[in-house]
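This is what each chain is made of:
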Amino acid sequence: MFHKIKLIIKKILACIGLYHPSLGIKISSKAKATMVLTHKRPEVRIFVETGTEYGTMIDMVGNSFEKIYTIELNDELYQKACEHYRGQEKITLLHGDSGIELRKALQQFSEPAVFWLDAHPPGDINADNTPIIKELETIFSHSVKNHVILVDDARKFDIATIAKMKHLAKMNDYRCSIQNGIFIFE
Ligand SMILES: C[S@@+](CC[C@H](N)C(=O)[O-])C[C@H]1O[C@@H](n2cnc3c(N)ncnc32)[C@H](O)[C@@H]1O
């Protein structure tokens, strides 16, 4: 009975665009890096990440980009990243809330970039703990209109935030899809 109710709810949410079978998928870091590189158009030179953490993504895709911006809120993780990437001039490390700092990164360039939006605390993601709406508003208001944006961990987002993200994308002529548990805006 409970299973049937869950199925019906999923069908209703799918009808209004808030559920997708790919939403619940969890993939490895390596598969995530492959997703980033698959969505990189050949002419794109810039990679922007929110949520640096240990630099796992940068270490996997960094060679494919000429310039990298990454933003970390946590003091200790930021300091560690500064040590790890010391001397690597193509990497700019920004410290603070990506809802604010992302604007500073975007002021540095006027060409299309690939974005990996991954700034959130562990666990469920909701309006109180994610900068995603501010991040998307910043990217969509940039002078360049053909960025590619990947948002990790689709399965962790609450429905209200997903609905807002999709609405924002639609208002700004970006198409939204979910592939392997990752939101893609392009
Ligand atoms: C899932 S980890 C990022 C993993 C990394 N992007 C990767 O792929 O290797 C999330 C990171 O986001 C950071 N974070 C959380 N809220 C943030 C915010 N508002 N601004 C910037 N970073 C944030 C956390 O400290 C944590 O290091």
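Observations regarding the sheet that holds strand S3 (residues 91–95)
In space, the 7 strands of this open sheet follow the order S3-S2-S1-S4-S5-S7-S6, with mixed pairing throughout. In this open sheet, the two edge strands, each paired with only one partner strand, are S3 and strand S6 (176–179). Within this sheet the neighbouring strands show an average axis-to-axis angle of 15 degrees, counted without direction. Strand direction decides the pairing type here: strand S1 (residues 46–50) and strand S2 (residues 67–72), joined by 5 bridges, are parallel. Bridging from a neighbouring strand, Thr-50 pairs with Ile-71 of S2.

Here we look at the site of the ligand
Around the ligand there are 19 residues in total, and Glu-49, Gly-51, Glu-72, Ser-98 and Asp-118 lie nearest to it. In this structure, Gly-51 approaches the ligand through a main-chain N or O atom, which is 2.6 Å from a nitrogen atom. Within the backbone of Ser-98, an N or O atom sits 2.9 Å from a nitrogen atom of the ligand. Taking 610 Å² as the accessible area of the ligand by itself, protein coverage stands at 86%. Only helix H3 (56–61) and S2 provide two or more residues apiece to the shell around the ligand. Partitioned by chemical class, the residues of the shell around the ligand number 7 nonpolar, 7 polar and 5 charged.

Observations regarding helix H5 (residues 98–106)
For H5, the complete set of buried residues consists of Ser-98, Gly-99, Glu-101, Leu-102, Ala-105 and Leu-106. For H5, the angular spread of the buried residues around the axis is 160 degrees, confining them to a single face. Contacts from the buried residues of H5 go to S1, S2, S3, strand S4 (113–117) and helix H6 (132–140). The N-capping residue of H5, defined by a side-chain oxygen 2.8 Å from the backbone nitrogen of Gly-99, is Asp-97.

Here's the deal with the packing of H5 against H6
Geometry of a packed helix pair, given as the angle between the helix axes and the separation of the axes. Where H5 meets H6, the axes come as close as 8 Å, and the angle between the chain directions of the two elements is 20 degrees. One way to sum up the angle between H5 and H6 is to call them roughly parallel. Considering how the two elements wind past one another, H5 and H6 form a crossing that is right-handed. Listed contacts from H6 to Ser-98, Gly-99, Leu-102, Arg-103 and Leu-106 of H5 are Lys-134, Glu-135, Thr-138 and Ile-139. Classifying every residue of the contact of H5 with H6 gives 3 nonpolar, 3 polar and 3 charged.

Regarding unusual backbone geometry
Within the chain, Glu-53 stands out as a residue other than glycine whose phi angle is a positive 50 degrees. Relative to the helices and strands, Glu-53 resides in the loop between S1 and H3. For Glu-53, a relative accessible area of 43% corresponds to the partly exposed category. Despite not being glycine, Asp-173 shows a phi value in the positive range, around 60 degrees. Along the polypeptide, Asp-173 turns up in the loop between helix H7 (159–171) and S6.

Basis of the calculations
- Residues numbered from 1 in each chain as written.
- Predicted model: local features only at pLDDT ≥ 70, side-chain atom pairs only at ≥ 80, totals over all residues.
- Heavy atoms only, no water.
- Pairing = 2+ DSSP bridges.
- Helix = DSSP H or I, 4+ residues; strand = E, 2+ residues; numbered from the N terminus.
- Axes fitted to C-alpha atoms, helices over the stretch in contact; angles between N-to-C directions.
- Near = heavy atom within 4 Å.
- Polar contact = N/O pair within 3.5 Å; in protein donor to acceptor, adjacent residues only side chain to side chain.
- Areas by Shrake-Rupley, 256 points an atom, 1.4 Å probe, with all protein chains shown as cover.
- Nonpolar A, V, L, I, M, F, W, Y, C, P; charged D, E, K, R; others polar.
- Buried < 20%, exposed > 50% of the residue type's maximum accessible area, 1.4 Å probe, protein only.
- Arc of directions from axis to C-beta.
- Contact = heavy atoms within 4.5 Å.
- Parallel < 35°, antiparallel > 145°, perpendicular 65-115°, else oblique.
- Left-handed = near helix turned anticlockwise from the far one by under 90°.

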